[in-house]
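Structural overview for review
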Amino acid sequence: MKSLHNDNVESTPTTKTLEPGSPNSRLFLILNPVAGSCSAERVRFTLKQYCEQHDVGYEIYETTGKEHLPSIVRQAREEDYSVIVAAGGDGTASMVAGELIHSPIPLGIIPVGTANLLARELAIPLDLESACQLVVTGGAIRKIDAMRVGRQVLISHISLGSYSRIAERTSVEAKRRFRQLAYIWNGIAEFIGTRVWRFDLVVDGQRQRIKAAFIMIANVGAMGAATLRWGEEVKPDDGKVDICIVRTRGLLHYSSFLWHALRGRHKESPHTDYLWAEKNIKVTAKKNLPVRGDGEIIGRSSVEIEIIPRAVPIIVPAPVPDEIAS
Ligand SMILES: Nc1ncnc2c1ncn2[C@@H]1O[C@H](COP(=O)(O)OP(=O)(O)OP(=O)(O)O)[C@@H](O)[C@H]1O
């Protein structure tokens, strides 16, 4: 079997097992050194500190972008790590999550990506120290729904239309330099346009033809800007996936859509329709549009999604007991 170790591995051997409420005993970290404005060195240093403090063994795999990440995760799973951690953005988290479906080994997230939508949704701390502490000392486990597309698994969003075109225009270099501003800049150009596209949409076997600026298939509500969400009822662990059909044309419509979203009254927006699916979704665009999944371009024009309810166990902060909160 190919070794999991790469040139930049740091490890300490221990044999403890994960016990709820006690520190995780053996941790495997997958670190994307080019995610967001990540400093791989700082992530290594901070994680090392917490691991040593809590007597937790760890190993770090730094991604190159060329490896088959699912195989790396599969091998770590077989080697009995108590927790597998993704340090990166939503793309890295979903690639790791795909191999942890219905697994007893939870996914920890150190959100050092650009948007970090999944972490925001699950209240996983965005500061490096607190995120490292959480994955090392453990918290609560939340099992979230997953979306299978071919051999790939996605956990946050899949979109086609203007929204996916923005991702296609935004380079890795721009994301690294300007973070979310890179998306906003490219978004303005797309949103002042008035284009809509024809789609064929099949939701749990029900087929319809629609015209829309974009279709957002959301398992996670967070849009990534302020408190904006894709819908009033989008939850990552409710066993269903929401479909937001945005029929906006031009800046005025988008402003109205955002105004309703800001007030949490999405359904009152005259430019959006909402559906939800429990089993599967198929979208086919009549034009050659990119399909965006968890921040990456995953295909063109068509996507078929199988929903896997409450599939991926993720470490989240433990709920604060009422008496402490008050
Ligand atoms: N060493 C590397 N060099 C270049 N690309 C890499 C490397 N490691 C991973 N990648 C690529 O990084 C992408 C995943 O990035 P990720 O989603 O983690 O960060 P992000 O895009 O900055 O954040 P977000 O998705 O939250 O906006 C994948 O396309 C992967 O192939």
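Per an unreviewed UniProt entry, the protein chain goes by DAGKc domain-containing protein and derives from Nitrosococcus oceani.

Before going further, it helps to spend a moment on the packing of helix α1 (residues 40–53) against helix α5 (residues 128–137). Each pair of packed helices gets described by two things: the angle between the helix axes and the distance between those axes. Viewed as axis vectors pointing N to C, α1 and α5 meet at an angle of 45 degrees, and their least axial separation amounts to 9 Å. Accordingly, the angle class assigned to the pair α1 and α5 is oblique. Of the two elements, α1 crosses α5, and the hand of that crossing is right-handed. From α1, R42, V43, T46, L47, Y50 and C51 reach across to α5, where they touch L128, E129, C132, Q133, V135 and V136. For the contact of α1 with α5, a count of residues per class yields eight nonpolar, two polar and two charged.

On to the pattern of salt bridges, then. This model, assessed by the stated rule, comprises 14 salt bridges. One salt bridge connects K240 with D238, and the closest N-O pair in it is separated by 3.6 Å. Taken together, the shared-partner salt bridges in this structure form one network comprising R74, R77 and E99.

Taken as a whole, helix α2 (residues 69–78) has its buried residues at L69, P70, I72, V73, Q75 and A76. Lining the buried residues of α2 we find β1 (26–31), β2 (57–62), β3 (83–88) and α3 (90–97). Positive phi shows up at D80, right after α2, with a value of about 65 degrees.

A word on empty space enclosed by the protein. Under the defined criterion, the tally for this structure stands at one cavity of 30 Å³ or more. Space inside the largest cavity adds up to approximately 50 Å³. For the lining of the largest cavity, the per-class residue count stands at six nonpolar, three polar and one charged.

Below, the discussion takes up the pairing of strand β10 (residues 214–218). Extensive coverage of β10 is indicated by the burial of five of its five residues. Taken together, the five bridges between strand β7 (residues 157–161) and β10 define a ladder with antiparallel strand orientation. Note that in β10 the partner of I158 across the bridge is I217. Bridging between β10 and strand β11 (residues 241–246) involves five bridges; their strand directions are antiparallel. Along β11, the bridge assignment pairs F214 with V246.

This part is about the site of the ligand. Looking at the ligand, there are 21 residues lining it, with G36, T63, G89, T92 and T114 nearest. The side chain of T63 places a nitrogen or oxygen atom 2.7 Å from a nitrogen atom of the ligand. Note that an oxygen atom of the ligand is positioned 3.0 Å from one of the backbone N or O atoms of D90. The protein chains hide 79% of the 660 Å² of surface that the ligand would expose on its own. Broken down by element, the residue count for the shell around the ligand peaks at four residues, all from α3. Taken together, the residues that form the shell around the ligand break down as six nonpolar, twelve polar and three charged. Both domain 1 (26–138) and domain 2 (153–310) contribute no fewer than three residues apiece to the shell around the ligand.

Here α1 is 14 residues long and its end C-alpha atoms lie 20 Å apart, about the 20 Å a rise of 1.5 Å per residue gives. Buried residues belonging to α1 abut β1, β2, β3, β4 (107–111) and α5. Of the residues trailing α1, D55 is marked for its positive phi of about 55 degrees.

Attention now moves to the confidence of the model for the protein chain. Segments scoring low in pLDDT should not have their predicted coordinates read at a detailed level. For the protein chain, the average pLDDT comes to 85, and 83% of its residues sit at 70 or higher. For the protein chain, per-element mean pLDDT is lowest for helix α10 (residues 322–325), which scores 54, and highest for strand β13 (residues 280–285), which scores 98. Here residues 1–23 is modelled with pLDDT under 50, and outside its nearest four sequence neighbours on either side it reaches 48 contacts, counting other chains as well.

Moving on, we get to unusual backbone geometry. Trans is the common state for peptide bonds, and a negative phi is the common state for residues other than glycine. For H102, which is not glycine, the phi dihedral falls at a positive 55 degrees. Looking at the secondary structure, you find H102 in the loop between α3 and β4. Judged by relative accessible area, H102 falls into the exposed class, the value being 56%. A positive phi angle, close to 45 degrees, is found at D204, a residue other than glycine. Inspection of the secondary structure puts D204 in the loop between β8 (197–203) and β9 (206–212).

This part takes up the sheet that holds β10. Taking strand neighbours across the sheet as the criterion, the six strands line up as β12-β11-β10-β7-β14-β15 in an open arrangement whose pairing is antiparallel. If you trace the sheet from one side to the other, it starts and ends with β12 (272–277) and β15 (296–300), each paired once. Mean inter-strand twist for the sheet, computed between neighbouring axes without regard to direction, equals 20 degrees. In terms of strand pairing, β7 meets strand β14 (residues 290–293) through three bridges, oriented antiparallel. Within β14, the position partnered with S159 by the bridge is R292. Against the sheet, helix α6 (residues 162–169) engages β7, β10, β14 and β15, with an angle of about 95 degrees to β7.

Reading guide: rules and limits
Residues numbered from 1 in each chain as written. Predicted model: local features only at pLDDT ≥ 70, side-chain atom pairs only at ≥ 80, totals over all residues. Heavy atoms only, no water. Axes fitted to C-alpha atoms, helices over the stretch in contact; angles between N-to-C directions. Helix = DSSP H or I, 4+ residues; strand = E, 2+ residues; numbered from the N terminus. Parallel < 35°, antiparallel > 145°, perpendicular 65-115°, else oblique. Left-handed = near helix turned anticlockwise from the far one by under 90°. Contact = heavy atoms within 4.5 Å. Nonpolar A, V, L, I, M, F, W, Y, C, P; charged D, E, K, R; others polar. Salt bridge = Lys/Arg side-chain N within 4 Å of Asp/Glu carboxyl O. Buried < 20%, exposed > 50% of the residue type's maximum accessible area, 1.4 Å probe, protein only. 1 Å grid on protein atoms, 1.4 Å probe; cavity = no way out; pocket = protein on both sides within 12 Å on 5 of 7 lines; lining within 4 Å. Points joined across faces, edges and corners; volume = space filled by probe spheres on them. Pairing = 2+ DSSP bridges. Near = heavy atom within 4 Å. Polar contact = N/O pair within 3.5 Å; in protein donor to acceptor, adjacent residues only side chain to side chain. Areas by Shrake-Rupley, 256 points an atom, 1.4 Å probe, with all protein chains shown as cover. Domains from an automatic or database assignment. Expected span 1.5 Å × (residues − 1). pLDDT = per-residue confidence, 0-100.

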